[in-house]
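Below, each chain spelled out in residue letters.
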Amino acid sequence: MSLAEYAKKRDFRRTPEPEPSAAEPAPSHSGRFFVQRHNASHLHYDFRLEIGGTLKSWAVPKGPTLDPAKKPFAAMVEDHPVDYGDFEGNIPKGNYGAGSVMLWDRGIFEIIGEEDGLAQIARGDLKFRLHGEKLNGTFAIVFMKSRGKGNEWLLIKKQDADAKAGWDPEAFAYSIKTGRTQEEITADLPAKTQPKKKVPASIWRPCRVPSRRLCRISFPRWEHRLPRSCPKAGAGCMKLSGTASGLWLTSATAR
Ligand code: MN
């Protein structure tokens with residue numbers, strides 16, 4: 001799929017969603033991820049991974065979960081532009097996907113394994129590790145070959161330290177961008193929390209992460225909190241240093 005299908009479905013004079021722009025260079029083994037809670041004709045979550053210069057996207061009716069037993073169904077949908085990731089707002093009636101869109105989670109992911117993300121998707125079994133505000137740990141998204149439409153996948157949480165039995169995404173139904181509920185977004189109410197600075201795309205590209213244990217990444221004007229606390233810089237932590245034009249991995253130590 002390409003962004004042509006995304007553009008064909010939308011009239012950008014009538015929707016606040018972003019228009020596709022020039023494709024960005026493909027990241028290799030890491031990228032950003034985004035999850036939107038979308039109250040369209042049916043409430044669903046949109047799960048998006050930055051792979052190959054676009055957002056590979058799946059609609060997940062029950063939402064992603066940290067519970068390995070749930071294995072929610074995920075329908076692959078058209079690629080979305082990278083700029084779509086931070087989108088939150090209302091798609092007016094009469095437009096494709098009309099309804100409110102909440103930025104439910106975001107962060108970075110690492111591809112697990114030697115093959116890049118596109119190759120793993122082509123094979124129908126993509127493994128990755130998320131570092132988000134709500135979602136963390138190892139996941140796989142697996143194509144169901146024998147099903148009808150050819151877009152049917154399962155988004156599976158793997159057993160690890162981040163797995164939580166019974167974890168329900170609906171218990172965390174607030175925006176990580178503005179703190180708003182779905183109803184508050186629908187009503188166009190102002191943000192309840194200070195909007196965080198948009199993450200520059202260039203930040204993530206050099207970040208190949210050899211370590212499984214990550215600590216805080218600091219950036220002069222921006223900070224992303226990673227789930228595992230780091231007692232002190234050193235073993236098991238990676239250090240990143242920033243400039244205005246990007247963030248560079250300066251050291252990483254596997255534990
Ligand atoms: Mn959607």
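Up top is the structure.
Report follows, based on the coordinates. (Residues numbered from 1 in each chain as written. Predicted model: local features only at pLDDT ≥ 70, side-chain atom pairs only at ≥ 80, totals over all residues.)

**Here we look at the pairing of strand β9 (residues 152–157)**
Put simply, side chains in a regular strand alternate between the two faces of the sheet. Residues of β9 alternate between two faces, with Trp153, Leu155 and Lys157 buried on one and Glu152, Leu154 and Ile156 left unburied on the opposite face. Note: strand β4 (residues 73–80) against β9, three bridges, orientation antiparallel. Each residue of the ladder has a partner; that of alanine 74, found in β9, is tryptophan 153. Judged from the five bridges that link them, strand β8 (residues 136–143) and β9 form a sheet pairing that is antiparallel. Pairing of alanine 140 across the sheet is with isoleucine 156, part of β9. (Buried ≥ 20, exposed ≤ 12 C-beta atoms within 10 Å, placed from the backbone. Helix = DSSP H or I, 4+ residues; strand = E, 2+ residues; numbered from the N terminus. Pairing = 2+ DSSP bridges.)

**With respect to the pairing of strand β7 (residues 125–132)**
Counting buried residues along β7, six of its eight residues qualify, which places the element largely inside the surrounding structure. Across five bridges, strand β6 (residues 99–111) lies against β7 in antiparallel orientation. Bridged to glycine 107 within β7 is glycine 132. Alignment of β7 against β8, held across seven bridges, turns out to be antiparallel. Paired with phenylalanine 128 across the bridge in β8 is phenylalanine 139. Hairpin connection, β7 to β8: the antiparallel pair is bridged by three residues.

**What about the nonpolar core?**
Most often, soluble globular proteins have nonpolar side chains that are buried together. Core analysis: the largest hydrophobic core is formed by 33 residues, its most contacted members being Phe47, Trp58, Ala74, Ile141 and Leu155. Broken down by secondary-structure element, the contributors of at least two residues to this core are β1 (30–39), β2 (43–51), β3 (54–60), β4, β6, β7, β8 and β9. Per element, the largest residue contribution to this core is seven residues, and it comes from β6. When sequence neighbours within four positions are dropped, the list of residues in contact with leucine 155 reads Phe47, Trp58, Val60, Pro64, Pro72, Ala74, Phe139 and Ile141. (Core = buried A, V, L, I, M, F, W, Y, C linked by C-beta atoms within 7 Å. Contact = placed C-beta atoms within 7 Å.)

These values are about where atoms sit, not about what they do.
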